[in-house]
Amino acid sequence: MTTAAIAPVLFIGGMDSSGGAGILRDAATAVALNAPYRVAVTAVTAQNDQRLSAVLSMPPGMVAEQIALAAEAGLATAKTGMLANRAVVEAVAAHLPPLPLVVDPVLRSSSGHTLLEPDGIDALLALLLPRTSLLTPNLPELALLATHLGLAGAVETRIAAALLARGCAAVLVKGGHGDDPAVCADRLYRHDQPMISFQAPRIAASLRGTGCQLASAIATGLAAGMALEPSITKAKAMLTERFAKARGVDQPLRD
């Protein structure tokens, strides 16, 4: 990609002080793809690779102003991560211009800290889901969304169908928390289309910000004019390569 080829992607999310996830991971992904970007920070966190100790949410007016100024020069796509609370979700929904939108539902930290309050999850489902081009929950996030939909314990296909019925155009259920020891499969659900599985070798390596990277790489692909499926394929290959480098795997990778 070249920066002249596409308008910027807008990343909306939290600032991870360790640099492992959030807006900083989104930015690093865009830089690796040679793509322009803008950011709107929703929260500042104090954390490291072991724990999150503090969260300071941005005032919704500040979030709205960041989005408004980013949009003045034109944007290609947007991607949301941590949204913190209902007021921030409402600000994003009210001020984000009509764009292809990738929503990574960042609900809890890996250490169990709440990153989107319960009424914020309800607001996300009501206000952002109907305009979402792609929702990218992992399995724990899918289960929590299901609880808010009144579908606790339901099978994946039923939960995905309920999310699509709420107006979401596509749902990519990430398989990183799956139990297959050899393969990590992400499953794409869309209206009136068969499910598609995107598979890659499961590589045992501990990394943070993998969900941020996958969603931001997909949003960057969409900004470059790629269709959804090849955007996912390229993003997953990029993430698999990162896992391989962390693990020191030398064999060629396959999507």
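Draft legend 1. View of a nonpolar patch on the surface. Taken together, the side chains of V31, Y37 and V39 present a nonpolar region at the surface, about 230 Å² in accessible area. Positionally, V31 belongs in helix α1 (residues 22-32). Judged by its relative accessible area of 55%, V31 is exposed.

Draft legend 2. Spotlight on the nonpolar core. Grouped together as the largest cluster of nonpolar side chains are 42 residues, with contacts concentrated most on L10, L83, V92, L96 and L163. What V92 contacts, discounting residues up to four positions off in sequence, is I12, V63, I67, T80, L83, L128 and R131. Counting residues in hydrophobic clusters, the runner-up holds 27 residues, among them L33, A217, L228 and F243.

Draft legend 3. The arrangement of the confidence of the model for the chain in detail. The predicted model of the chain averages 90 in pLDDT, with 93% of residues at 70 or higher. Counted against residues more than four places away or in other chains, residues 250-255, with its pLDDT under 50, gives 11 contacts.

Draft legend 4. Just helix α5 (residues 139-148), in detail. Residues E141, L142, L145 and A146 constitute the buried set of α5. Buried residues in α5, looked at end-on, bunch into an arc of 140 degrees, giving them a common side. Its buried side turned inward, α5 meets α4 (118-128), β6 (134-135), α6 (156-165) and β7 (170-173). With a side-chain oxygen positioned 2.8 Å from the backbone nitrogen of E141, the residue opening α5 is N138.

What counts and how
Residues numbered from 1 in each chain as written. Predicted model: local features only at pLDDT ≥ 70, side-chain atom pairs only at ≥ 80, totals over all residues. Heavy atoms only, no water. Patch = residues over 30% accessible without salt bridge, like charges linked within 9 Å, V, L, I, M, F, W, Y side chains within 5 Å. Areas by Shrake-Rupley, 256 points an atom, 1.4 Å probe, with all protein chains shown as cover. Salt bridge = Lys/Arg side-chain N within 4 Å of Asp/Glu carboxyl O. Helix = DSSP H or I, 4+ residues; strand = E, 2+ residues; numbered from the N terminus. Buried < 20%, exposed > 50% of the residue type's maximum accessible area, 1.4 Å probe, protein only. Core = buried A, V, L, I, M, F, W, Y, C linked by side-chain atoms within 4.5 Å. Contact = heavy atoms within 4.5 Å. pLDDT = per-residue confidence, 0-100. Arc of directions from axis to C-beta. Polar contact = N/O pair within 3.5 Å; in protein donor to acceptor, adjacent residues only side chain to side chain.

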